[in-house]
Amino acid sequence: MRKYFLLSAVVMLATTSANAGQYTQLNVSADVEVMTEISCSPLSFSTIKVSDWFEGGYFSISADGDELSTTNDSGVIEFSGATRGACKNVNMEQGEISFNLSGENTGDTLSGTIESYYLNEGEKNTFFGGSVYIPADVASDKYYAEVLITSVN
């Protein structure tokens, strides 16, 4: 009996130690870039006035000029005074950047995009234009967004 007990103990030890573990070597890295904050004038769509029967549409200001446009004039009372953003003496040209504006009082959001234009003459400024979509059921509010834009040296 003792012989069978020892044999079963050896078999149990052999089966419990037969489980193989796993291992890995995890590679960790970090790229650190020190950035300098620059001051730019804001991109402003100014005040957009629409009627209560407005059906929604995009409002745009071009980056390469102060040209204003809308995709739906029906129900638009006023769209003027918008200004493109500008960064002086730096190339901040980017592809299209999406953003959301949040209503100060309502918490509602408006979606938009920013485009950039680099003028490589004189002071070498970068200008920002873009579009914002105003839905049909928009609430009267002041809408804001902060969008991070970085330059590549």
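Note that the structure is a prediction, hence the values are computed from the model and not measured.

Would you take a moment to explain the state of the cysteines for this structure?
Think of a disulfide as a covalent bridge from one cysteine sulfur atom to another cysteine sulfur atom. Under the definition given, this model contains one disulfide. Across the disulfide from Cys 40 sits Cys 87; the S-S distance is 1.9 Å. Residues Cys 40 and Cys 87 are joined through a disulfide that is right-handed, its torsion about the S-S bond being 110°. With a gap of 47 residues between them, Cys 40 in strand E1 (residues 40-41) and Cys 87 in strand E6 (residues 85-87) connect regions that are remote in the sequence.

How do you make sense of unusual backbone geometry when you look at a structure like this?
Most peptide bonds take the trans configuration, and most residues that are not glycine carry a negative phi. Positive phi, normally seen in glycine, also occurs at Ser 46, with a value near 60°. You can call Ser 46 partly exposed: its relative accessible area is 39%.

What's the story with a negative patch on the surface in this structure? I'm lost.
A surface patch of negative charge is lined by Asp 64, Glu 67, Glu 96 and Glu 115. Relative to the assigned elements, Glu 67 resides in the loop between strand E3 (57-61) and strand E4 (68-70). Using a relative accessible area of 57% as the deciding quantity, one classes Glu 67 as exposed.

It is not clear to me how the nonpolar core should be interpreted in this structure. Could you clarify?
Generally speaking, a soluble globular protein has its nonpolar side chains buried in company with each other. Counting 19 residues, the largest nonpolar core has Phe 59, Met 92, Leu 101, Leu 110, Phe 128, Val 132 and Ile 134 as the members making the most contacts within it. Listed by contribution, the elements that provide at least two residues to this core are E3, strand E7 (97-103), strand E8 (109-119) and strand E9 (125-134). For Met 92, the contacting residues outside a window of four places in its chain are Ile 38, Cys 87, Ser 116, Thr 126, Phe 128, Ile 149, Thr 150 and Ser 151.

What's the story with the packing of aromatic side chains in this structure? I'm lost.
Each aromatic ring pair is summarised here by two numbers: the centre-to-centre distance and the angle between the ring planes. Overall, the coordinates contain three aromatic pairs when judged by the stated rule. Consider the rings of Phe 54 and Phe 59, whose centres lie 6.0 Å apart with planes at 45°: the pair is tilted. Accessibility classification places Phe 54 together with Phe 59 in one group, the buried group. By way of ring pairs, the aromatic residues Phe 54, Phe 59 and Phe 79 are connected into one cluster. Between the NZ or CZ atom of Arg 84 and the centre of the ring of Phe 127, over which it lies, the distance is 3.8 Å.

Conventions and cut-offs
Residues numbered from 1 in each chain as written. Predicted model: local features only at pLDDT ≥ 70, side-chain atom pairs only at ≥ 80, totals over all residues. Heavy atoms only, no water. Disulfide = S-S within 2.5 Å. Helix = DSSP H or I, 4+ residues; strand = E, 2+ residues; numbered from the N terminus. Buried < 20%, exposed > 50% of the residue type's maximum accessible area, 1.4 Å probe, protein only. Patch = residues over 30% accessible without salt bridge, like charges linked within 9 Å, V, L, I, M, F, W, Y side chains within 5 Å. Areas by Shrake-Rupley, 256 points an atom, 1.4 Å probe, with all protein chains shown as cover. Salt bridge = Lys/Arg side-chain N within 4 Å of Asp/Glu carboxyl O. Lys, Arg positive; Asp, Glu negative; His and termini not counted. Charge placed at Lys NZ, Arg CZ, Asp CG, Glu CD. Core = buried A, V, L, I, M, F, W, Y, C linked by side-chain atoms within 4.5 Å. Contact = heavy atoms within 4.5 Å. Phe/Tyr/Trp six-rings, centres within 6.5 Å; stacked < 30°, edge-to-face > 60°. Lys NZ or Arg CZ within 6 Å of the ring centre and 35° of its normal.

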